[in-house]
Amino acid sequence: MEDTVGQIRQVANIIDIASQYTTIHKKGHKFVGFCPFHSEKNPSFTLDEEKQLFHCFGCGAGGDIFTLVMEKENISFPEAVRYLAQKYNITLPRRKKLSPQYLKLEEKLFKINQDALAFFKKNLFNTQEGQKALDYLHQRNIPDQSIQELKIGYALNSWNSLLSYFQEKKVPAKMVEKAGLAVPRQKKDGYYDRFRGRIIFPIFNLTGKVVAFGGRSILDAEPKYLNSPDTPVYNKRKLLYGLNFCKQTIREKGEVILVEGYTDFLSLYAAGITHIGASLGTSLTSDQVSLVKRFAPRMVVSFDADEAGKKAALRAISLCFEKGVQIKVMNLPDDLDPDSYVQKNGTDEFLNLSEKSISGLKYLIETCKQEGNTNIPEEKSKIIRKVMAEVSKIPDSIIRSEYLKQTAEQLSVEEEALRSVIQNKSAATKKTEETILTRAEARLIQILWEDPLICPYISGEMRDSDLQGLSSEPIFHYLMDCSQKKKKPSFHELETNIDPALRPSLAKILMENPSSSPTIDEAKDCLYALREMSLRKESKKLRDTINQLEKKGEQEKLPPLLQRKMEISREISLLWQRNHLSPTQTSDDFK
């Protein structure tokens, strides 16, 4: 993979790729255009062809060619590599060369899951105990056809039936545990089956490989629903149950109906409603919304009408606003969930109710209004600000503007007042982003990025405490590591190891062209400025500790702390003179 990424960097041009998404033109030594990530009146999207980086001064987006493709195409890094490799006719390495050890484990886990699926299906259709589970499904109006299509099975109510099955196949229990199907015993050696006495819902990835399982107890065991843990082939935050079966219908309909669990999904699927998906025993995640967006621009959430369901709906609204996905909320009667509603009223009535779903914005406003009295200005202000906090996440300025109008109408408030709330929030966010890194941090990053040969001179002078507590600490460690390994730093590698909030600032910093060339002396100046800042923080902490000890009368503990504080004061004084006095000045000038 590293070789492929390197080849792409050599032949790909960020200007060519960006031109697919927006119109750009040369301005000085850089290129500018309208940002492909948000609507704007004045072009603020800037690209540096030499550095192969981009940054939008409007929305803060930034990165390299891989970041651009990932964000615009809504795909993962490996998918972006494949996309660019295909575009530039670069041959991808054979899959086995990517990570032999990992792929070997991956293949074993897929095989274990596939064998477990066959075992569970056989239990459902060919055992006396399984017949009870089958009867339960039939009583809930689930036909055999749906059971077969979704490959539903049954886990026997036994501590080791699945483990015994794999033992016969000479599969080590440790591997069954890695697949999430066995649990280590606590009081003695050995393992036991994770799923026992449960209807089993296999979970598939988008290519149709079984990666995990969910189980619903028919023996009143707790918890009622049990899910596989995350494994090397499964991450519950990144998949939706049933999407592999329903993705084509979702594409055709242009929307997905999202439900909370397997039973709701199964009931709707059996009723012929197949543009659906279900979250996997967790709150809806940003990754899951991004996944939905690949197949449909609209989501209808159909959660239970209880408090937990309302909270889940609000979270879905927040994530969809952020990802630019249209969202509506079904208004189910208080005592019914999707499963019981479709059982009671049928397919047509459920679809009619889906058609009447209210917009995510209206649901958000109505829910927030329940938290206060809109006739009291102070309470109304809190409600408005809560709604605006979500609306401000919408990336498309036209949609955001329309939502502002609708909010103004529904809450009887001036539209300009709402705009000022969002503008103030945006200004505060922008200010925070700009001050995430100090001037010394930013310049030192630039220097070490531009001239890695300076790194050894800085690493030799650097103390661990110089970087402690800085958000940029991982950046410096990465740059030093690259220098030690004589390896050119990569923006993508760097951004995967830092706080996401730093990424826009980092791209902006690396695209700047300072007036002077990097030097060792300037790099040391930056380092000593960071050291001075670190020492001042330590001094403040010491002062607070000394004050507390004095209040408690614990005088015997003070001498070493006072000694250290004096040492810090002397060092700060020397650093201040070095960092702030010009060669022609002396400390006497400041007495």
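Relevant structure appears above.
K.L.:
So what exactly am I meant to see when it comes to the packing of aromatic side chains here?
P.N.:
Pairs of aromatic rings are described using the distance from one ring centre to the other and the angle between the two planes. All told, the structure shown has 16 aromatic pairs when counted by the stated rule. In textbook terms, an aromatic cluster arises when at least three aromatic residues are bridged by ring pairs, as seen for Phe201, Tyr225, Tyr241, Tyr262, Phe265 and Tyr269. Over the ring of Phe110 we find Lys209; its NZ or CZ atom is 4.5 Å from the centre of that ring.

K.L.:
Where do I start with the sheet that holds strand E5 (residues 62-64) in this structure?
P.N.:
Picture the strands of a sheet paired through backbone hydrogen bonds; they go either parallel or antiparallel. Pairing is antiparallel across the open sheet formed by five strands, whose spatial order is E1-E2-E3-E4-E5. In this open sheet, the two edge strands, each paired with only one partner strand, are strand E1 (24-27) and E5. On average, each strand axis in the sheet is tilted by 25 degrees relative to the strand beside it, whichever way the strands run. As defined by bridge partners, strand E4 (residues 53-56) adjoins E5 across three bridges and the pair is classed as antiparallel. Counted as the bridge partner of His55 is Gly62 from E5. Relative to E5, helix H3 (residues 65-73) is tilted by about 115 degrees, and along the sheet it contacts strand E3 (45-48), E4 and E5. Those strands touched by helix H26 (residues 503-511) are strand E2 (30-33), E3, E4 and E5, and its axis lies near 120 degrees from that of E4.

K.L.:
Could you clarify how one ought to interpret the pairing of strand E15 (residues 326-329) in this entry?
P.N.:
Regular strands have side chains that alternate between both faces of the sheet. Bridge analysis of strand E14 (residues 298-301) against E15 gives four bridges, and the strand direction is parallel. Bridging across to E15, Val301 finds its partner in Val329. The pairing of E15 with strand E16 (residues 358-359) spans two bridges and is classified as antiparallel. Bridge pairing links Lys328 to Ser359 in E16.

K.L.:
Would you take a moment to explain the nonpolar core for this structure?
P.N.:
For soluble globular proteins, the rule of thumb is that nonpolar side chains tend to be buried together. With 102 residues, the main nonpolar core has Leu181 and Met299 as its most contacted residues. Per-element accounting of this core gives the leading share, eight residues, to helix H6 (residues 100-126). When sequence neighbours within four positions are dropped, the list of residues in contact with Met299 reads Val256, Leu258, Leu284, Val289, Val292, Cys320, Val325, Gln326, Ile327 and Lys328. One finds Ile445, Leu470, Ala507 and Ile509 within the second-largest nonpolar core, a separate group that totals 34 residues.

K.L.:
Where do I start with the sheet that holds strand E13 (residues 276-278) in this structure?
P.N.:
Taking strand neighbours across the sheet as the criterion, the five strands line up as E13-E12-E14-E15-E16 in an open arrangement whose pairing is mixed. With partners counted over all chains shown, the strands left at the sheet margins are E13 and E16, one partner each. Bridge count between strand E12 (residues 255-259) and E14: four bridges; the pairing is parallel. In the sheet register, Ile257 faces E14, and the bridge partner there is Val300. The strands touched by helix H11 (residues 243-253) within the sheet are E12, E13 and E14, with E12 carrying the most contacts at an inclination of about 125 degrees. Across the face of the sheet, helix H12 (residues 262-270) comes into contact with E12 and E13 while running at roughly 165 degrees to E13.

K.L.:
Please explain the state of the cysteines as it appears in this structure.
P.N.:
Every disulfide links exactly two cysteines, by a covalent bond between their sulfur atoms. Tallied over the entire structure, the rule returns zero disulfides. Cys56 provides the cysteine sulfur closest to Cys35, a residue in no disulfide bond, and the two sulfurs are 3.6 Å apart. Judged by relative accessible area, which is 0%, Cys56 ranks as buried.

K.L.:
I keep staring at the pattern of salt bridges and nothing clicks. Help me out?
P.N.:
Side chains that carry opposite charge are capable of pairing whenever their charged atoms lie near each other. One pass over the full model with this rule turns up 23 salt bridges. Arg463 serves as the salt-bridge partner of Glu571, at 2.5 Å between the closest nitrogen and oxygen. Taken as a pair, Glu571 in helix H28 (residues 558-580) and Arg463 in the loop between helix H22 (455-461) and helix H23 (464-467) lie far apart in primary sequence, 108 residues in all. Note that Glu567 is salt-bridged to Arg564, the shortest N-O span being 3.5 Å. Taken as a pair, Glu567 and Arg564 lie in helix H28 at a separation of three residues, close to a single helical turn.

K.L.:
Got a minute to help me understand the packing of helix H18 (residues 377-391) against helix H19 (residues 397-411) in this structure?
P.N.:
Each pair of packed helices can be described by the angle between their axes along with the distance between the axes. In the contact formed by H18 and H19, the axes pass within 11 Å of each other and the chain directions differ by 160 degrees. One finds that H18 runs roughly antiparallel with respect to H19. Of the two elements, H18 crosses H19, and the hand of that crossing is right-handed. In this structure, H18 uses Lys380, Ile383, Ile384, Val387, Met388 and Val391 to contact H19, whose residues at the interface are Arg400, Tyr403, Leu404, Thr407 and Leu411.

K.L.:
Help me understand helix H14 (residues 307-323) in this model?
P.N.:
Owing to its 3.6 residues per turn, the α-helix brings residues three or four apart onto one side. With 17 residues, H14 extends 25 Å between its outermost C-alpha atoms, agreeing within 8% with the 24 Å of an ideal straight helix rising 1.5 Å per residue. When we look at burial in H14, the residues that qualify are Gly309, Ala313, Ala316, Ile317, Ser318, Leu319, Cys320 and Phe321. At its buried positions, H14 is contacted by helix H13 (286-293), E14, E15, helix H17 (360-369), H18 and H19. Two residues or fewer past H14, Gly324 is found with a positive phi of approximately 75 degrees.

K.L.:
Explain the environment of Ile24 to me, please; I cannot follow it from the model alone.
P.N.:
Structurally, the position occupied by Ile24 is in strand E1. Along the chain, Ile24 and Val301 lie 277 residues apart, while their C-alpha atoms are 39 Å from each other. Apart from the residues within four sequence positions on either side, Ile24 is in contact with Ile15, Ala18, Ser19, Phe31, Val32, Gly33 and Leu47.

K.L.:
Any chance you could explain the pairing of strand E9 (residues 198-204) here in plain terms?
P.N.:
The element E9 is extensively covered by neighbouring structure, given that seven of its seven residues are classed as buried. Alternating positions in E9 separate into two faces, Arg198, Ile200, Pro202 and Phe204 on one and Ile199, Phe201 and Ile203 on the other, with burial throughout. Of the strand pairs in this sheet, strand E6 (residues 153-155) and E9 are connected by three bridges, and their pairing is antiparallel. The partner of Gly153 across the bridge, within E9, is Ile200. Across seven bridges, E9 lies against strand E10 (residues 210-217) in antiparallel orientation. Across the sheet, the residue bridging to Phe201 is Gly214, located in E10. Count of turn residues in the E9/E10 antiparallel hairpin: five residues, of which Gly208 carries a positive phi of about 95 degrees.

K.L.:
Can you walk me through the packing of H13 against H14 in this structure?
P.N.:
H14 packs onto H13 with a crossing angle of 55 degrees between their chain directions and a minimal axis gap of 10 Å. As far as their axial angle goes, H14 and H13 are oblique. In this structure, the crossing between H13 and H14 has a hand that is right-handed. Facing Ser286, Val289, Ser290 and Lys293 of H13, the residues of H14 in contact are Leu319, Cys320 and Lys323. Looking at side-chain class alone, the contact of H13 with H14 contains three nonpolar, two polar and two charged residues.

What counts and what doesn't
Each chain carries its own residue numbering, running from 1 in the direction its sequence is written. Restriction of local features to residues with pLDDT of at least 70 applies here, the model being predicted, together with a cutoff of 80 or more for giving and counting side-chain atom pairs; totals for whole chains, interfaces and linings are based on all residues. For the side-chain quantities, the full set of heavy atoms in the structure was used; hydrogens and water were omitted. Aromatic rings from Phe, Tyr and Trp, with only the six-membered ring used for Trp, were paired whenever their centres fell within 6.5 Å, and each pair was classed as stacked if the ring planes differed by under 30 degrees, edge-to-face if by over 60, and tilted otherwise. Whether a charge sits over a ring depends on NZ of Lys or CZ of Arg being within 6 Å of the ring centre and within 35 degrees of the ring normal. When DSSP finds at least two bridges between two strands, those strands are taken to pair. A run of H or I in DSSP becomes a helix once it reaches four residues, and a run of E becomes a strand once it reaches two; helices and strands are each numbered from the N terminus. Geometry is summarised by axes, namely lines fitted to C-alpha atoms with helices restricted to the contacting stretch, and by angles between N-to-C directions that run from 0 to 180 degrees. Residue contacts follow a heavy-atom distance rule, with two residues in contact if any of their heavy atoms lie within 4.5 Å. Grouping buried Ala, Val, Leu, Ile, Met, Phe, Trp, Tyr and Cys residues that are joined through side-chain atoms within 4.5 Å yields what is termed a nonpolar core. Accessibility here uses a 1.4 Å probe with only protein chains present; expressed as a share of the type maximum, an area under 20% marks a residue as buried, one over 50% as exposed, and anything in between as partly exposed. Cysteine sulfur atoms are paired as a disulfide whenever they come within 2.5 Å of each other. Salt bridges are counted wherever a side-chain nitrogen of Lys or Arg sits within 4 Å of a carboxyl oxygen of Asp or Glu. What sets the label is the angle itself: under 35 degrees gives roughly parallel, over 145 gives roughly antiparallel, 65 to 115 gives roughly perpendicular, and the rest give oblique. Here a crossing is taken to be left-handed if its near helix is turned anticlockwise relative to the far helix by less than a right angle, and right-handed if that turn runs clockwise. Helix span, expected: 1.5 Å multiplied by one less than the number of residues in the helix. Residues are grouped as follows: Ala, Val, Leu, Ile, Met, Phe, Trp, Tyr, Cys and Pro are nonpolar; Asp, Glu, Lys and Arg are charged; all remaining types, including Gly, are polar.

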